[in-house]
Amino acid sequence: MSAPADGLPPLRDVIARHEIAARKSLGQNFLLDLNLTAKIARAAGDLSRSTVLEVGPGPGGLTRSLLAVGARRVVAIERDVRCIAALHEVAARYPGRLEIVEGDALTADLATLAGAGPVRIVANLPYNVATPLLVGWLTAEPWPPFYERMTLMFQREVAERIVAAPGNKTYGRLGVLAQWRTEPRMLFDIPPQAFTPQPKVTSTVVDFALRAAPLASTAGKLERVTAAAFGQRRKMLRQSLRGLFADPAETLAALNIVETRRAEDLSVAEFVSLANALA
Ligand code: SAM
């Protein structure tokens, strides 16, 4: 393999020197091929005016690519202390453009960390916390949120749930929530062999553009309705919504939703109208 164009050492050397053997408990599957990390960075679009918030930089492959493609600034939050010294070497190569935060992205105040200016979230997410992180970003208040776009990598199965349309067997709570406020698109797959260590499944990069005018509702109500409806996805709505509405048949009729329909056939707009009918 040829030497990396950024003049920094190959990632294998970085990992060996800093003794960053991957830990499953931290969802660590590293991408060591800088051509692939460059492909993800390019997929995030023009970053020259943006602060990129990267969750889980690990040994810094994607971080290096984000900086190489011209991100104005990267704020990278990493939980594994072993990675921090390696990331400081990247920061030294790009003076003033990389800020490294040692911390937990689930509890950190990411909006404050990212600071002012247009913010994009770009990450190869740790699989064990990818869904809670995404749900947190999708349910942010106030809306529009602190970021203007997200380009994120998930296990393919999660990506499929995010973009699933009504009628699809993978359509569920996550898809409704994601499609309510954003327009998620699957961009490309990355095979297991590209990672060290190899996961069992394929990964997929998903781009989330924010909807200009999402239907008015609240994330809390929408989550209550989808939890009830998809909690019993094979049941008719007049049955599955019993815990939420005193008379589900009456509520459904008032919203022009046929009471014998099931959760998996309802559009996002119909879920929003049900959420807004909650007290
Ligand atoms: N970005 C690197 C790459 O593409 O090779 C590493 C990606 S790896 C799938 C996920 C990274 O997230 C790991 O470095 C892991 O230590 C880190 N991580 C796991 N949980 C985290 C959390 N709660 N907050 C911040 N980082 C976390």
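Residue numbers restart at each chain and count upward from 1, following the sequence in its written direction. In view of the model being predicted, local features appear only for residues whose pLDDT reaches at least 70, and side-chain atom pairs are presented and counted only at 80 or more, with totals across whole chains, interfaces and linings using the full set of residues. Hydrogens and waters are ignored; side-chain quantities use all the structure's heavy atoms.

**Digging into the overall build of the protein chain**
Then, number 1: To qualify as a helix, a DSSP run of H or I must reach at least 4 residues; to qualify as a strand, a run of E must reach at least 2; elements of each kind are numbered from the N terminus. Secondary structure summary: the protein chain contains 12 helices and nine strands in total.
Then, number 2: We compute the radius of gyration from the C-alpha atoms alone; for a globule the expected value is 2.2 Å times N to the 0.38, where N is the number of residues. Its C-alpha atoms give the protein chain a radius of gyration of 21 Å, near enough to 19 Å, the size a compact globule of 279 residues would have.
Then, number 3: Projecting the C-alpha coordinates of the protein chain onto the three principal axes gives extents of approximately 65 × 40 × 30 Å.
Then, number 4: Under the scheme applied here, a residue whose accessible area is under 20% of the maximum for its type counts as buried, over 50% as exposed, and between as partly exposed, the area being computed with a 1.4 Å probe on protein chains only. Burial status across the protein chain gives 49% buried among its 279 residues.
Then, number 5: Every residue pair with non-hydrogen atoms within 4.5 Å of one another is taken to be in contact. Sequence-distant contacts, at least 24 apart, represent 69% of the contacts inside the protein chain between residues at least 6 apart.
Then, number 6: If you average the places of the 33 positive and of the 27 negative side-chain charges in the protein chain, the two averages end up 3 Å apart. Positive charges come from Lys and Arg, negative ones from Asp and Glu, while His and the chain ends are left out of the count. Where a charge lies is defined by one atom per residue type, namely NZ (Lys), CZ (Arg), CG (Asp) and CD (Glu).

**What about the nonpolar core?**
Then, number 1: Side-chain atoms within 4.5 Å are what join buried Ala, Val, Leu, Ile, Met, Phe, Trp, Tyr and Cys residues into a set we call a nonpolar core. Ranked by internal contacts, the top residues of the largest apolar core, which has 54 residues, are Trp137, Leu152, Phe154 and Phe271.
Then, number 2: The element best represented in this core is helix H9 (residues 219-231), accounting for six residues.
Then, number 3: Discounting chain neighbours no more than four positions away, the residues touching Trp137 are Val55, Leu110, Ile121, Leu125, Trp143, Tyr147, Met150 and Leu152.
Then, number 4: Listed in part, the 38 residues of the second largest apolar core include Ile15, Phe30, Cys83 and Ile84.

**Examining the site of the ligand**
Then, number 1: Taken together, 20 residues lie around the ligand, and Leu31, Gly56, Glu78, Asp104 and Asn124 are the ones closest in.
Then, number 2: The definition of a polar contact used here is a pair of N or O atoms within 3.5 Å, where within protein one atom must be able to donate a hydrogen and the other to accept one, and adjacent residues in sequence count solely through side-chain atom pairs. Measuring from a nitrogen atom of the ligand, one finds a backbone N or O atom of Pro57 at 3.4 Å.
Then, number 3: Protein coverage of the free-state accessible area of the ligand, which is 600 Å², stands at 99%.
Then, number 4: Listed by contribution, the elements that provide at least two residues to the shell around the ligand are strand S1 (30-31) and strand S3 (73-78).
Then, number 5: Residue classes follow a fixed rule: Ala, Val, Leu, Ile, Met, Phe, Trp, Tyr, Cys and Pro count as nonpolar, while Asp, Glu, Lys and Arg count as charged, and any other residue, Gly among them, counts as polar. Each residue belonging to the shell around the ligand can be placed in one class, and the counts come to eight nonpolar, seven polar and five charged. By convention in this text, a residue qualifies as near a molecule or strand provided that one of its non-hydrogen atoms is within 4 Å of it. The method behind every accessible area is Shrake-Rupley, applied with a 1.4 Å probe, and residues are considered shielded solely by the protein chains displayed.

**Structural notes on the pairing of strand S9 (residues 203-210)**
Then, number 1: By the criterion of burial, S9 is predominantly enclosed, with six of the eight residues buried.
Then, number 2: Following DSSP output, two strands are said to pair if at least two bridges run between them. As paired strands, strand S6 (residues 149-155) and S9 are joined by seven bridges and run antiparallel to one another. Residue pairing in the sheet places Leu152 in a bridge with Val206 of S9.
Then, number 3: Looking at chain direction, strand S7 (residues 182-190) and S9 are connected through eight bridges and run antiparallel. Paired with Glu183 across the bridge in S9 is Ala209.

**Things to note about helix H7 (residues 156-163)**
Every α-helix winds through 3.6 residues per turn, so residues three or four apart in the chain are directed the same way.
Then, number 1: Of all the residues in H7, the buried ones are Val158, Ala159 and Ile162. The buried residues of H7 occupy an angular sector of 100 degrees when the element is viewed end-on, so they sit on one face.
Then, number 2: Packed against the buried residues of H7 are helix H6 (130-138), S6, helix H8 (173-181), S7 and S9. Throughout, the arc means the angular range of directions from the helix axis out to the C-beta atoms.

**Overview of the packing of H9 against helix H12 (residues 268-276)**
Then, number 1: Note on geometry: axes are C-alpha line fits, over the in-contact stretch for helices, and angles between N-to-C directions span 0 to 180 degrees. Interaxial distance between H9 and H12 falls to 8 Å at its minimum, and their mutual angle equals 110 degrees. The angle between the axes of H9 and H12 places the two elements in the roughly perpendicular class. Handedness of the crossing formed by H9 with H12: right-handed. Of H12, the residues touching H9 (which contributes Lys221, Leu222, Val225, Thr226, Ala229 and Phe230) are Phe271, Val272, Leu274 and Ala275. Note that the term roughly parallel is reserved for angles under 35 degrees, roughly antiparallel for angles over 145, roughly perpendicular for angles of 65 to 115, and oblique for everything else. Helix crossings get a hand from a simple test, with the near helix turned counterclockwise from the far one by less than a right angle marking a left-handed crossing and a clockwise turn marking a right-handed one.

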